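Coordinates in review
Chain by chain, the residues run as shown.
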Amino acid sequence: MKAHFKRPTVVIPAAAPATAKENGNNILSRHNTSSVPKPSFGWTGCDKSITVLASAKHIHLTKEHLEILFGKGFELTPLKALYGLPMELAKGFIFSSTSTLQIIGSKPGRSLKARVLGPCREYSQVELAYTDALTIGVDAPVRLSGNLQNTGSCTLLGPKGKLVLNGNGHGVIRAQRHFHCFDIHCHWLQVKHEDTLCLKVISPHCNVILENLSVKHELVNLSIEDKTTLLKIIQKSKMIQGIECHLDTDEANACMLHEAIGYEILRKESNGSYKVLATQQLK
Ligand SMILES: [Zn+2]
């Protein structure tokens with residue numbers, strides 16, 4: 001008969017932030033429910049489910065960099081819509097493409113192949129897990145997407161050219177783990193954009209609490225008109241959107257995400273205890 005041991009919960013603190021200023025010295029005590037916005041529109045397609053996904057290494061490119069690497073006039077071909085979005089929406093928001101590039105760091109003879117995500121962005125950004133960064137010899141500071149000053153540098157090698165991302169404006173990061181929340185999710189959790197929460201992954205013999213997950217309040221900066229348009233597409237697709245959490249592959253492996261039987265979203269209180277805000281049973 002299989003023995004069942006009750007193992008202690010392991011707490012993995014956040015990877016060292018690039019600077020204290022960036023993440024805030026007291027970010028966990030910054031929570032202030034009075035400043036949490038009320039939901040501004042009623043999207044009936046939201047529910048309280050929690051999905052946790054591992055985000056593998058990938059690349060975002062500017063239009064200019066795309067053309068240097070793949071040739072003039074090149075356009076990305078969508079391969080798969082991401083985050084459960086209908087393709088109609090994913091095309092303008094986020095999709096994995098059929099294109100890949102080699103990422104080269106400082107270790108001679110080492111490189112990694114990674115997929116390019118579309119559509120093009122205002123910056124070129126390589127997102128790696130810590131193990132990936134060690135493999136090819138690049139720095140990958142923990143950052144929110146788009147915050148690319150003083151990040152890692154690397155060379156990208158494509159079929160038609162190569163390009164150096166120098167770590168200033170374009171560069172390599174380890175993406176800060178995060179929750180994607182829509183209006184109503186923020187209201188339920190009583191959080192706002194860039195607040196931090198914790199995630200407990202319940203796996204056989206391996207319960208892990210990850211701290212310092214950033215809240216990404218989706219669509220928060222869109223105009224009412226753009227939100228309305230977007231909502232029409234979402235409602236037409238009958239998509240149900242819960243709270244979605246993105247970890248990198250190192251984090252997902254550390255908590256045996258593939259065997260998880262449940263999740264909890266937690267808030268760390270000023271006395272160090274955790275308050276359960278939401279739960280999800282998987283099996
Ligand atoms: Zn994400």
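So, here is what we can say about the structure in this document. (Residues numbered from 1 in each chain as written. Predicted model: local features only at pLDDT ≥ 70, side-chain atom pairs only at ≥ 80, totals over all residues.)

1. A word on the nonpolar core
Among the nonpolar cores identified, the biggest contains 28 residues, and Val52, Leu197, Leu199, Val201 and Cys245 are the most heavily contacted of them. Secondary-structure elements contributing two or more residues to this core are β2 (46-55), β12 (178-181), α5 (183-189), β13 (196-202), β14 (208-217), β15 (241-248) and β16 (262-268). Residue contributions to this core peak at five residues, all from β13. Excluding anything up to four places from it in sequence, valine 52 contacts Leu199, Val201, Cys245, Leu247, Leu257 and Tyr263. (Core = buried A, V, L, I, M, F, W, Y, C linked by C-beta atoms within 7 Å. Buried ≥ 20, exposed ≤ 12 C-beta atoms within 10 Å, placed from the backbone. Helix = DSSP H or I, 4+ residues; strand = E, 2+ residues; numbered from the N terminus. Contact = placed C-beta atoms within 7 Å.)

2. Section: the environment of glutamate 251
Mapped onto the elements, glutamate 251 comes out in helix α7 (residues 249-254). Separated by 122 residues in sequence, glutamate 251 and alanine 129 place their C-alpha atoms 8.3 Å apart. Setting aside residues no more than four positions away along its own chain, glutamate 251 makes contact with Arg177 and Leu210.

3. Re the pairing of strand β6 (residues 111-118)
In this sheet, β6 lies alongside strand β3 (residues 58-60) in parallel orientation, the contact comprising three bridges. Its bridge partner being in β6, histidine 58 is matched across the sheet by arginine 115. Pairing geometry for strand β5 (residues 95-104) and β6, over seven bridges, is antiparallel. Bridging from a neighbouring strand, glutamine 102 pairs with lysine 113 of β6. Where β5 folds back onto β6 in an antiparallel hairpin, the turn is made up of six residues, including glycine 109, whose phi is positive at roughly 80 degrees. (Pairing = 2+ DSSP bridges.)

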